[in-house]
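Geometric and topological summary
Spelled out from the first residue to the last, the chains are:
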Amino acid sequence: MTDPSHGHQNPGPAQAFLLWDMAGTLIPFDPLTGAPGLLPEADQFLGELGESFRQVVTTGDMTASARNLLTGFGIGNHFERVFGDLFAPVGKPYGAILGQLQGDPSRSLAIGDRLRADIACDTDQVVTLLINQDGDTVTAGLVAHTIGRLRRLAGTFPQAWATLWETAQPAEELAGPRAGGTIVEGRRADLGFPLQLWRFSHEALDGQRLIIQI
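Residues numbered from 1 in each chain as written. Predicted model: local features only at pLDDT ≥ 70, side-chain atom pairs only at ≥ 80, totals over all residues. Heavy atoms only, no water.

What the chain contains, in helices and strands, is five helices and 10 strands. By the compact-globule yardstick of 17 Å for 214 residues, the chain fits well, its C-alpha radius of gyration being 16 Å. Dimensions of the chain along its principal axes, counting C-alpha atoms only, are 45 × 45 × 35 Å. Buried residues in the chain amount to 51% of all 214 residues. Summarising the internal contacts of the chain: among those between residues at least 6 apart in sequence, 63% fall at separations of at least 24. A distance of 4 Å separates the average location of the 15 positive side-chain charges in the chain from that of its 24 negative side-chain charges. (Helix = DSSP H or I, 4+ residues; strand = E, 2+ residues; numbered from the N terminus. Rg over C-alpha atoms; globule rule 2.2 N^0.38 Å. Buried < 20%, exposed > 50% of the residue type's maximum accessible area, 1.4 Å probe, protein only. Contact = heavy atoms within 4.5 Å. Lys, Arg positive; Asp, Glu negative; His and termini not counted. Charge placed at Lys NZ, Arg CZ, Asp CG, Glu CD.)

Right, dumping it as C-alpha cells:
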C-alpha cells in the first residue's frame with residue numbers, strides 16, 4: 001500500500017473521512033462504449049464535501065497513474081492522498097488507512113461501486129455507500145445529499161445505518177449469495193429516494209459489513 005502526500009487545502013482537526021474508490025466510482029465507465037468519464041457533478045460537490053470531511057482515494061491502480069487520472073479529470077486537488085496498489089482477497093484496509101491518518105472509522109464513510117472490493121477488510125466500523133449499480137450512474141449531488149441525511153440521523157455512520165434499519169421494510173429477496181459472500185439480510189428504506197440496506201458477510205472477514213446502496 002502506498003500513501004504519498006498529495007497536499008490538502010484544509011486538513012484541519014477533523015477526523016471524519018470520505019474514502020473514495022476511483023475506477024467505476026469517481027470515474028465510471030460508459031456501459032456502451034467503455035469510455036471513462038467523471039462522476040456527474042463531482043467538480044461541484046467534492047468541494048462542498050471537503051468542508052466537512054477529509055477526502056482520500058483508495059484504488060487498486062498504481063498510485064502515480066491514479067493521481068494523473070484524477071488530475072486529468074480536474075478533481076485531484078480535492079484529495080489529500082491517493083492510496084494505490086490496494087489488493088486484498090476482500091475489501092480494502094480502511095482501518096489501517098484511517099489509523100495512519102488519525103481518522104475515526106465510525107465517522108468515516110467508504111464510497112465505491114463494487115461490493116467485494118469497496119468494504120473494509122480490517123474493521124466493521126466503516127460503513128460503505130455503494131453507488132453506480134446495474135449500469136446506472138448516480139450524481140455526486142445525490143451522494144452528498146445522502147451523506148447529509150445520514151449525518152442528521154445520528155452522530156456516526158453505523159448509528160445512522162441502524163436508525164434507518166429500524167424503520168426500513170424487510171426485503172427477503174435481497175438476501176443471498178453476492179460477490180463471493182452473502183447478504184445476510186436486506187431491507188428497503190426511503191430518504192426521499194429509494195435505497196437498500198445490507199448486512200454482508202464473507203468467510204475472509206471477521207464480522208459483518210454494513211452497506212447502503214443507492
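The next point concerns the nonpolar core. Formed by 44 residues in total, the largest nonpolar core has its most connected members in Trp20, Leu26, Ile111, Ile147, Leu195, Leu197 and Ile212. With residues near it in sequence (within four places) discarded, Ile147 still touches Leu18, Leu49, Phe53, Leu109, Ile111 and Phe157. In terms of nonpolar packing, the next biggest core, distinct from the first, is built from 12 residues, Phe17, Val56, Leu86 and Leu101 among them. (Core = buried A, V, L, I, M, F, W, Y, C linked by side-chain atoms within 4.5 Å.)

Here the focus is the packing of helix α4 (residues 140-153) against helix α5 (residues 157-167). Helix packing for two helices is described by the angle between their axes and how far apart those axes are. The interhelical angle for the contact between α4 and α5, taken along N-to-C directions, is 85°, at an axis separation of 8 Å. Taken as axis vectors, α4 and α5 run roughly perpendicular relative to one another. Of the residues in α5, those touching α4 at Ile147, Leu150, Arg151 and Leu153 are Phe157, Ala160, Thr163 and Leu164. Considering only residue class, the contact of α4 with α5 consists of six nonpolar, one polar and one charged. (Axes fitted to C-alpha atoms, helices over the stretch in contact; angles between N-to-C directions. Parallel < 35°, antiparallel > 145°, perpendicular 65-115°, else oblique. Nonpolar A, V, L, I, M, F, W, Y, C, P; charged D, E, K, R; others polar.)

With two bridges joining them, strand β6 (residues 169-170) and strand β8 (residues 181-190) adopt antiparallel strand pairing. Pairing of Gln169 across the sheet is with Arg188, part of β8. In the sheet, strand β7 (residues 176-178) pairs with β8 via three bridges, with the strands oriented antiparallel. Each residue of the ladder has a partner; that of Arg178, found in β8, is Gly181. Adjacent in sequence and paired antiparallel, β7 and β8 are bridged by two residues, among which Ala179 carries a positive phi angle near 55°. Pairing between β8 and strand β9 (residues 194-201): eight bridges, direction antiparallel. By the bridge assignment for β9, Glu185 is matched with Arg199. Between β8 and β9, which pair antiparallel in sequence order, lie three residues; one of them, Gly192, sits at a positive phi of approximately 95°. (Pairing = 2+ DSSP bridges.)

This brings us to the side chain of His202. Topologically, His202 is positioned in the loop between β9 and β10 (209-213). A polar contact is formed between the side chain of His202 and the backbone oxygen of Gly180, at a distance of 3.2 Å. Ignoring any residue separated from it by four or fewer positions in sequence, one finds His202 in contact with Val90, Arg116, Ala179, Gly180 and Gly181. (Polar contact = N/O pair within 3.5 Å; in protein donor to acceptor, adjacent residues only side chain to side chain.)

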